[in-house]
Structures are given as structure tokens and as C-alpha cells.
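# Coordinates in review
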Amino acid sequence: MWTLSGFSDEISPDLELQATTATGLGLTHIEFRSAWNTNVLDLDAEQLAEAKRILDAHGLKVSSIGSPIGKIFIDEDFGPHLDRMRHAADVAKHFGAPYIRVFSFFLRPGTDPAEVRDEVITRMRALAEVATEADVVLLHENEKEIYGDIPERCLDIVESVDSPNLRLAWDSANFVQVGVRPFSEGYAMLRPHLAYIQIKDAHLADGQVVPAGRGDGELLDTVRALRADGFDGFFSLEPHLSVTHSLGGFSGPELFTEAWQAFTDMLKAEEIPFA
Ligand SMILES: O=C(O)c1ccc(O)c(O)c1
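Computed from a prediction, not measured in an experiment: that's the story for all the values here.

Moving on, we come to the pattern of salt bridges. Evaluated as defined, the whole model comprises 21 salt bridges. Residues R53 and E50 are paired through a salt bridge, measuring 3.0 Å at the closest nitrogen-oxygen approach. Within this pair, R53 and its partner E50 are both found in helix α2 (residues 45-57), separated by three residues, close to a single helical turn. Given a relative accessible area of 32%, E50 falls into the partly exposed group. Among the ionic pairs, D56 bridges to K52, the shortest N-O distance being 3.0 Å. Residue D56 and its partner K52 are both found in helix α2; the two are separated by four residues, about one turn of the helix.

Let us look at the UniProt feature "domain: Xylose isomerase-like TIM barrel" (unreviewed entry) in the protein. Residues annotated in UniProt with the feature "domain: Xylose isomerase-like TIM barrel" (unreviewed entry) correspond here to residues 25-240. In residues 25-240, the share of helix is 40% and the share of strand is 19%. The end C-alpha atoms are 18 Å apart.

For W36, which is not glycine, the phi dihedral falls at a positive 50°. The class for W36 is partly exposed, based on a relative accessible area of 29%. Residues other than glycine seldom take positive phi values, yet H240 does so here, at roughly 50°. Positionally, H240 belongs in the loop between β12 (234-237) and β13 (243-245). Judged by its relative accessible area of 8%, H240 falls in the buried class.

Next up on the list: the packing of α2 against helix α3 (residues 79-95). Interaxial distance between α2 and α3 falls to 10 Å at its minimum, and their mutual angle equals 35°. The handedness of the crossing between α2 and α3 comes out as right-handed. Of the residues in α3, those in contact with L48, A49, A51, K52 and L55 of α2 are V91, H94 and F95. Counted by class, the contact of α2 with α3 contains six nonpolar, one polar and one charged residues.

If you check the shell around the ligand, you find 16 residues, and the closest are R33, R101, E141, N174 and K200. The separation between an oxygen atom of the ligand and a polar side-chain atom of E143 is 3.4 Å. The side chain of K200 places a nitrogen or oxygen atom 3.0 Å from an oxygen atom of the ligand. Compared with its free state, where it exposes 290 Å², the ligand has 98% of that area covered by protein. Classifying every residue of the shell around the ligand by side-chain character gives two nonpolar, five polar and nine charged.

Reading the values: rules and limits
Residues numbered from 1 in each chain as written. Predicted model: local features only at pLDDT ≥ 70, side-chain atom pairs only at ≥ 80, totals over all residues. Heavy atoms only, no water. Salt bridge = Lys/Arg side-chain N within 4 Å of Asp/Glu carboxyl O. Helix = DSSP H or I, 4+ residues; strand = E, 2+ residues; numbered from the N terminus. Buried < 20%, exposed > 50% of the residue type's maximum accessible area, 1.4 Å probe, protein only. UniProt positions renumbered as here; feature names shortened; annotations may be inferred. Axes fitted to C-alpha atoms, helices over the stretch in contact; angles between N-to-C directions. Left-handed = near helix turned anticlockwise from the far one by under 90°. Contact = heavy atoms within 4.5 Å. Nonpolar A, V, L, I, M, F, W, Y, C, P; charged D, E, K, R; others polar. Near = heavy atom within 4 Å. Polar contact = N/O pair within 3.5 Å; in protein donor to acceptor, adjacent residues only side chain to side chain. Areas by Shrake-Rupley, 256 points an atom, 1.4 Å probe, with all protein chains shown as cover.

Laid out in C-alpha cells, this is it:
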């Protein structure tokens, strides 16, 4: 059974409204990125307890911590970031989340990815070791302006680190925004390592983010192939329909609902059951 989740902070900064909107759409899980305009890794102990209380009251589980780990420049100090990774593992435990979404470090403009490749792999391996100790699984999300932006570099990371605690999240829109046709150019290569799918689409011509199926993200081909080869995991709505920035996006309840509608219409047309 495919399970829907979503970046509910795109609904509202108010966690109570995030939860009521998510459950109103039938979601059983959210991907926790922020609440009360505070990143999930910056919530204090009291806020974390309150967040857990709200989610429990609505019967919502956390599919993944939508962390910003790996969204620092590759030449920035790694020590404090590794401590933040340890905190992320504690936060995942707190919410009972099986996954933590991470990135593979911003490159300074003009940097040849090959120059920083070894440092990226060293750091990703260190992050994966923290995950192994904490018994959580990291999901590397492909993203613009980081090392792992195109399928070949995502594959390099996951194969080089070679840990069961580092797998891949797939973001079609982010691939489109770096000029990649996700299904045609990335699916076969990355499928063995895919554990989690972000639902976001975009136009190749200008990178504009659009609801699932309306852009060049080849979502329909991807969905059909995932069903055909037995994928069984989370699909996380990340609409980015109103505002988008380097650490997230915003949609509001109506546009979040529109994104949910577009994707669930696709699943229904394909007769794919989901929860
Ligand atoms: O959660 C984030 O940090 C984030 C920001 C921008 C994106 O395009 C994205 O996919 C994720």
C-alpha cells in the first residue's frame, strides 16, 4: 500500500492547522520540517513535546524529519553540523520517524563538483554513521546547487557511502530544475536505492513548480514504473506552489489541497490504492 505524507508546514506555520488540514485530506503521516516558523531542529524541548502532543491528538505519524542537514556550504565547518545531525537523530526518535531527509552540501557558485566530491562523500559517510548508531535511515534528496543535483551524482553518493542507513529520496521537480528529465534519465539508475518519493513537478522551460502531472517531471511514467516494480513506500506532497526558497516553500491550505488533489487524481486514474 502506498502511503501519502506531506510537508505540512506548507499549509501554515500553525501546527494545529497543519494537523487538521492534513487529517481532513485523509493523511495519516506528515513530513515534519517546521512549526511556528521554526525549523524542526530548532524547536526547544517544550515545543517538541507540544508538537508530539498535537500530532498524537490528531492520530498523525511522522514519515520523515524534513531536516536541513547538508544545506550548508561544503567549505563550512562540519563539526557543529555533525552535532546537529545527532540532534536530528534524537528528534526522529522523539517523533518515532523512520527517516531523516538530508542534502549533500551547497557548492559555491562556479565550483567544479569533482573538486569537492571526496569531501562530500566523507561527510555523507559521517552522517550515515550517526544514523546507523541511532537506527534511523537518511534519505538524500536531490536538490539544485548541492553536490547531489543530477542522477549520476546521487548514485555516486549512495554507492560510495554504501550504507543501508543512507538511501535516496526522489524529487522530480528538483531534477527538472537542473535540466534533467527525471524518469527518462534517472529512474533506472536510481531505482535500486529509492526509498521515498517527494511529489513535486516543474516546467523545464523556466523551472516553475506546478501540481503533479502538469510539468515535465514525468510523474505519470514514474508512478507507473514504481507500481510495476513493486515500490512500497511514502509519497510526500511538497507543493511549493506559492513561495519557494532555499530552505523550503509555502502553499497555504488551498494550494496544498490542490496539490493533493492532482496527485490523488493520478493515483485514482491508475487504480493505485493509497492510504
Ligand atoms: O525543504 C527544503 O529545504 C527544500 C527547499 C527547496 C526545495 O526545492 C526542496 O525540495 C526542499
